Amino acid sequence: MLFHISDLHFGAEDRAALDWLKQEIAREQPDAVICTGDLTMRGTVREFDAAGDYLLGLGVPVSIEPGNHDMPYYWEMISRLRRPFARFEALRTRAHSDLSLGDVTLASLPTVTPAQWRINWSKGCVKQPALNAALRRLEGAQGLKLAACHHPLVDADTHGTGSTRGGRRALAALAGAGVSAVLSGHVHDPFDLKVETENGPIRIIGAGTLSERTRATLPSYNRLDYTPETGLNVTVRAAR
């Protein structure tokens, strides 16, 4: 059993939702938690420190992906362009665990970039070296293959969008590598869709937010259950 969370946005976090998630983890004892980005709101040192304290306090391994909010914000443009992931990498060194589960392989696929040739830099982008690295991670893997990124690789039926450049190409490559599902966040609403590619179908699964920045859904997380016999089952659990 895995928990999939996203968009904690420390600096605009929902403390009641975070406390609820911590209780859920203590009760259910998942094998690991996968967090698909936007741990912070403005990418400040204080926000990263708070996010790290929280994740370390969960008591289970946590795999962490970067989100577009996890870089220095626009008013720190020099830091954003010269060392965009320095603060995130410090948190990752402190709180991240590589998943080591016998029947599940998780590949990281970063989709954030500090700048790009379009007005909205918050949107997603899959660069070929990142995709190549994810595919190498999956080589020879058995059982359930998952990829984790921040932006949906293609847009789901949600209020927010990822508008991810190279996303459909990446989905086709991942499907060809035997990936069952791509986990993401960013849009603050959960979704679970099957996408047809030239290499066969693949699922895209999004987690909601645990921040005050909710959209159509209450703060929530995804529970992922897998057995070779039944496959991957996803349940959305929302705070009440």
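Residues numbered from 1 in each chain as written. Predicted model: local features only at pLDDT ≥ 70, side-chain atom pairs only at ≥ 80, totals over all residues. Heavy atoms only, no water.

(A) Broad picture of the sheet that holds strand β8 (residues 200-206). Taking strand neighbours across the sheet as the criterion, the five strands line up as β4-β5-β6-β8-β7 in an open arrangement whose pairing is mixed. In the strand order of this sheet, the two ends are held by β4 (104-108) and β7 (191-197), each with one partner. For this sheet, the mean inter-axis angle between neighbouring strands, taken without regard to orientation, is 25°. Relative to strand β6 (residues 181-184), strand β5 (residues 144-148) runs parallel, the two sharing three bridges. Looking at β6, one finds that A147 is bridged to V182. (Pairing = 2+ DSSP bridges. Helix = DSSP H or I, 4+ residues; strand = E, 2+ residues; numbered from the N terminus. Axes fitted to C-alpha atoms, helices over the stretch in contact; angles between N-to-C directions.)

(B) Molecular detail of the side chain of N68. The residue N68 is located in the loop between β3 (62-64) and α3 (77-82) in this model. Excluding anything up to four places from it in sequence, N68 contacts D38, R80, V112, S122, H150, H151 and H186. (Contact = heavy atoms within 4.5 Å.)

(C) Main features of the sheet that holds strand β1 (residues 2-5). Read across the sheet, five strands follow the order β3-β2-β1-β9-β10 without closing on themselves; strand pairing throughout is mixed. Edge strands, defined here as strands with exactly one partner in the open sheet, are β3 and β10 (231-238). Between one strand axis and the next, the sheet turns through 25° on average, direction left out of account. When β1 meets strand β2 (residues 32-35), the two strands line up parallel, connected through four bridges. Its bridge partner being in β2, L2 is matched across the sheet by A32.

(D) Fine view of the nonpolar core. Judged by nonpolar contacts, the single largest core of 26 residues is most densely connected at I5, L8, L21, L39, Y54, L55 and L210. Mapped by element, the contributors of at least two residues to this core are β1, α1 (15-28), β2, α2 (45-56), β3 and α4 (86-95). Top contributing element to this core by residue count: α1, with five residues. When residues no more than four places from it in sequence are discounted, the contact partners of L210 are I5, S6, D7, L8, E13, D14, A17, L18, W20, L21, P219 and S220. (Core = buried A, V, L, I, M, F, W, Y, C linked by side-chain atoms within 4.5 Å. Buried < 20%, exposed > 50% of the residue type's maximum accessible area, 1.4 Å probe, protein only.)

(E) Summary view of the pattern of salt bridges. Scanning the entire structure with this criterion turns up twelve salt bridges. Residues R237 and E24 are paired through a salt bridge, measuring 3.5 Å at the closest nitrogen-oxygen approach. With R237 in strand β10 and E24 in helix α1, the pair connects residues that are 213 residues apart, well separated along the chain. Residue R237 is classed as partly exposed on the basis of its relative accessible area, which comes to 22%. The salt bridge involving R87 is made with E76; its shortest N-O contact spans 2.8 Å. Taken together, the residues span a long stretch of sequence, with R87 in helix α4 and E76 in the loop between β3 and α3 at a distance of eleven residues. When salt bridges that share partners are traced, they join E24, R27, E28, R223, D225 and R237 into one network. (Salt bridge = Lys/Arg side-chain N within 4 Å of Asp/Glu carboxyl O.)

Bear in mind that shape data such as this cannot, by itself, settle questions of function.
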